[in-house]
Amino acid sequence: MIPYRVSQVRRLGPARLTAGLDQHRRLDLNTHYTFHDQLPGETVDALIGMTEEVDLRGRGGAAFPFARKLRAVAARARDSDTIVLVNAAEGEPASMKDKMLLTRAPHLVLEGALLAASALGSKEVVVAVASGDLAEASVSAAVAERGLEGYVRIAGIPERFISGEGGALVRAVNGAAGLPPGRRTRSSDSGVYGLPTLLSNTETYAQLAVLAELGPEEYASVGTVQEPGTVLLTVGGSVVVPAVVEVTPGVPLAAVLDLCEASVGDGVLLGGYHGRWLSAADAYGAIVSRRGAAEAGGELGAGIVVPLGGDTCPLGETTRVASYLAAQSAGQCGPCRLGLPDLARAMADVEDGSPDGPDMVRRAAAAVKGRGACFHPDGSARFVLSALEAFAEDVEEHRLHGTCGRPVTEVLPLPIVDEADVRLVVDWTRCAGHGLCAHLVPELVKLDHHGYPVFMDGGVPSWLRGEAQKAVEMCPALALRIGTK
């Protein structure tokens, strides 16, 4: 569970995805149809044509052209059954837009998914959502309202940061561990049940429904020429009004921040924990769009906007998240198992004022870039590296004084995970610096220049519990144990 809840929906522009939500907490089926039309069926060629005309992109972060996914699955549909999969596994702690849609406007998401399924002649629609979440109950009720229990399946899966990675999601839906498969495969070739699968994000299917309702011309009447329509942003952090905001691409990011009464302070995180930090000046000059975010030095990603404020230590906040991202590794490849803990430790050295800290961060980031079995190492490195640029003055302040004088107030939301409290604990009266623990669990332990262990701050992830216990049992000085904070 994440200690962070969006209480409001706001808008800068027309209400499309959020139509009716200013009047109703949740749109049941009858209420949904007072704000949206019932959609006629479309042929797959017509659907591809519409999505190409407005260049509909996925809203999960990668912005992949939806028409290309649809065409790929359609090509396989001639010889095989197909599946439509809604990726509602929003493992990103700072995002709430997909949960909001499923909780408050579930029928809009289902309309888009059913439209695609009808065009493809799909065997089944699967909605993969965090198990036990309110969104799971809401979409289950929506399926029951439509009488589609035998056709639309709700797959509740454990929520982790990497839950929404395509390969991990397919594995979880298929009953396996929800971890990336170790090699990049296309769900359009083999997805749920091994069948060609149209996999896209919750908001993307809602956008598809709005596109089919309005038609390409009206859909593109707002936004920019390159990025028509509207987009959902989750705005949290140092704000008076945390909200999911529906905006038209092309508006200034400053207008969104003002709408939510943000205190920007040192900067703004744009795109989430695989996104980038922007300095306050860059944030106030940015335009809300993929292109505008890139021109400001950031990326829109999954539409996450987190102003930091001026009361917390930016480097400490970044270190917290870097440690979390390292613990969220699937533990399947070297860049994750070893590289991300190294990156987190290097960021902690920057926070502690080490003169070598920034160079250590850059070396650790270079060691993981492009080498992971999924995109988690690349995204994590991008997030940490951006902090060195956005908070260059703080880096220098920490180098000179060891601190900026501000506490870490935990502005950036992180989930409450019990396993994060489980960690290796050392009795320094016994430790003799043998170094065996660093050999057995290099993901958790490094040796300082005296040969004594330095432990990663962030706990022992479940996939390392066995190795950590082995280190405890084999410590020659009996100095190690597994404990809590």
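Residues numbered from 1 in each chain as written. Predicted model: local features only at pLDDT ≥ 70, side-chain atom pairs only at ≥ 80, totals over all residues. Heavy atoms only, no water.

J.: So what's going on with the sheet that holds strand β6 (residues 231-235)? Which residues, and what values?
T.: If you walk across this open sheet you meet the six strands as β1-β7-β6-β10-β8-β9, and the pairing is mixed. Looking at the sheet topology across the chains shown, the edges are occupied by β1 (8-12) and β9 (276-279). Within the sheet, the average angular offset between the axes of one strand and its neighbour, ignoring direction, is 25°. (Pairing = 2+ DSSP bridges. Helix = DSSP H or I, 4+ residues; strand = E, 2+ residues; numbered from the N terminus. Axes fitted to C-alpha atoms, helices over the stretch in contact; angles between N-to-C directions.)

J.: Give a detailed account of the confidence of the model for the protein chain, specifying residues and quantitative values.
T.: For the protein chain, per-residue confidence averages 90 on the pLDDT scale, and 94% of positions sit at 70 or higher. Contacts from residues 1-6, a stretch scored under 50 in pLDDT, to residues over four places away or in other chains number 24 contacts. (pLDDT = per-residue confidence, 0-100. Contact = heavy atoms within 4.5 Å.)

J.: Quick rundown of the side chain of D266? Include the residues and the values.
T.: With respect to the secondary-structure elements, D266 resides in the loop between α10 (253-259) and β8 (267-270). Residue classification places D266 among the buried residues on the basis of a relative accessible area of 19%. A polar side-chain atom of D266 sits 2.7 Å from a polar atom in the side chain of R406. Not counting chain neighbours up to four residues away, the residues in contact with D266 comprise L278, S279, A280, L308, G309, G310, P314, F391, D394 and R406. (Buried < 20%, exposed > 50% of the residue type's maximum accessible area, 1.4 Å probe, protein only. Polar contact = N/O pair within 3.5 Å; in protein donor to acceptor, adjacent residues only side chain to side chain.)

J.: Go over the sheet that holds strand β3 (residues 124-130), please, and point to the residues and values.
T.: Judged by pairing direction, the sheet is parallel, and its four strands sit side by side in the order β4-β3-β2-β5 without closing on themselves. Of all the strands in the sheet, the pair left with one neighbour each is β4 (152-157) and β5 (197-201). Direction aside, the axes of adjacent strands within the sheet are offset by 20° on average. Judged from the six bridges that link them, strand β2 (residues 83-88) and β3 form a sheet pairing that is parallel. Each residue of the ladder has a partner; that of I83, found in β3, is E124. On the sheet, helix α6 (residues 134-146) packs against β3 and β4 and is oriented at approximately 170° with respect to β4.

J.: An account of the nonpolar core is requested, with residue identities and associated values reported.
T.: One finds V84, L198 and Y205 to be the most contacted residues of the largest nonpolar core, which totals 52 residues. Breaking this core down by element, the ones donating at least two residues are α2 (44-53), α3 (66-77), β2, α4 (97-104), α5 (106-120), β3, α6 and α8 (202-214). It is α5 that contributes the most residues to this core, ten residues altogether. Setting aside chain neighbours within four positions, we find Y205 in contact with F66, V84, L85, V86, L108, V109, G112, A113, A116, L198, L199 and S200. (Core = buried A, V, L, I, M, F, W, Y, C linked by side-chain atoms within 4.5 Å.)

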